[in-house]
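# Coordinate inspection notes
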Amino acid sequence: MKTDPRETRLRERLETIRARSAKSSSWRSSTQYLSRLVNKGGFVPIKTRLSREDIAFLSGAREEVIAFADLGVRLLDLHRPQEAGGITSDPGSPIRRCRACMSRWPCPTFRAMAETLDQ
Ligand SMILES: [Zn+2]
């Protein structure tokens, strides 16, 4: 089967974002420390050492996180359950299917999102 060039482009874009993010430093422990140093003006004046990889990550991080959050919300809007109707063995728990892909609920798309994000 021939691959859709749009799929190739999207995969490359995701791989690039992933690789750039993975190479940058985690700010988790630094921000826990820095949050205690917020001054009266609401700021923390800091000096920091940023690697080339950190700068590459930070330059696009905001837009990329917003794009991923938008993507997640749009996928959630699409992949929602609906009553499938028809005969079920257990009338107390009717079979539900995804409105978008018609898989049994929870559908693979929703499961993939839950497994990736719900940690
Ligand atoms: Zn679905």
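So, how was this worked out
- Residues numbered from 1 in each chain as written.
- Predicted model: local features only at pLDDT ≥ 70, side-chain atom pairs only at ≥ 80, totals over all residues.
- Heavy atoms only, no water.
- Helix = DSSP H or I, 4+ residues; strand = E, 2+ residues; numbered from the N terminus.
- Rg over C-alpha atoms; globule rule 2.2 N^0.38 Å.
- Axes fitted to C-alpha atoms, helices over the stretch in contact; angles between N-to-C directions.
- Left-handed = near helix turned anticlockwise from the far one by under 90°.
- Contact = heavy atoms within 4.5 Å.
- Nonpolar A, V, L, I, M, F, W, Y, C, P; charged D, E, K, R; others polar.
- Domains from an automatic or database assignment.
- Expected span 1.5 Å × (residues − 1).
- Buried < 20%, exposed > 50% of the residue type's maximum accessible area, 1.4 Å probe, protein only.
- Donors = N, O, S within 2.8 Å, 3.2 Å for Na, K, Ca; no water.
- Tetrahedral: all angles 85-135°; square planar, octahedral: opposite > 155°, others 65-115°.
- Phe/Tyr/Trp six-rings, centres within 6.5 Å; stacked < 30°, edge-to-face > 60°.

## Focus on the overall build of the protein chain
Scanning the protein chain for helices and strands turns up four helices and two strands. Across the protein chain, helices and strands are ordered from the amino to the carboxyl terminus as α-α-α-β-β-α. Relative to its length of 119 residues, the protein chain is extended, with a C-alpha radius of gyration of 21 Å against a globular reference of 14 Å. In terms of its C-alpha atoms, the protein chain occupies a principal-axis envelope of roughly 65 × 45 × 20 Å.

## Some words on the packing of helix 3 (residues 52-78) against helix 4 (residues 108-117)
It is the contact of helix 3 with helix 4, at a shortest axis distance of 10 Å, that shows an interaxial angle of 145 degrees. Seen from above, helix 3 lies across helix 4 with left-handed handedness. Of helix 4, the residues touching helix 3 (which contributes G72, L75 and L76) are T109, F110 and M113. Taken together, the residues of the contact of helix 3 with helix 4 sort by class into four nonpolar, two polar and no charged.

## Some words on the domain arrangement of the protein chain
Domain boundaries assigned for the protein chain yield domain 1 (1-70) and domain 2 (79-86 + 93-119). For domain 1 and domain 2, the distance between their C-alpha centroids amounts to 30 Å.

## Quick look at helix 1 (residues 5-23)
Taking 1.5 Å of rise per residue, 19 residues should cover 27 Å, and helix 1 covers 27 Å from first to last C-alpha, within 8% of that figure. Across the 19 residues of helix 1, one count as buried, placing the element largely on the outside.

## Focus: the environment of S29
Relative to the elements of secondary structure, S29 occurs in helix 2 (residues 28-34). Taking relative accessible area as the criterion, S29 reaches 54% and is therefore assigned exposed. Taking the C-alpha atoms as reference points, S29 and N39, ten residues apart in sequence, are found 19 Å from one another.

## Re the coordination of the zinc ion
Taken together, the protein ligands of the zinc ion are H79 (ND1), C98 (SG), C101 (SG) and C107 (SG), with distances of 2.0 to 2.3 Å. The coordination sphere of the zinc ion comprises four donor atoms, whose angles at the metal cover 103 to 121 degrees; the geometry is tetrahedral. Each donor residue of the zinc ion lies on the same chain, and together they follow the pattern H-x18-C-x2-C-x5-C. By relative accessible area, which is 0% here, C98 ends up buried. Judged by its relative accessible area of 33%, C101 is partly exposed.

## What to know about the environment of L34
When you line up the elements, L34 lands in helix 2. For L34, a relative accessible area of 17% translates into the label buried. Linking L34 and L58, residues 24 residues apart in sequence, is a C-alpha distance of 18 Å.

## So, the packing of aromatic side chains
Applying the stated criterion across every chain yields a total of one aromatic pair. Geometrically, the ring pair formed by W105 and F110 is tilted, given 4.7 Å between the ring centres and 45 degrees between the ring planes.

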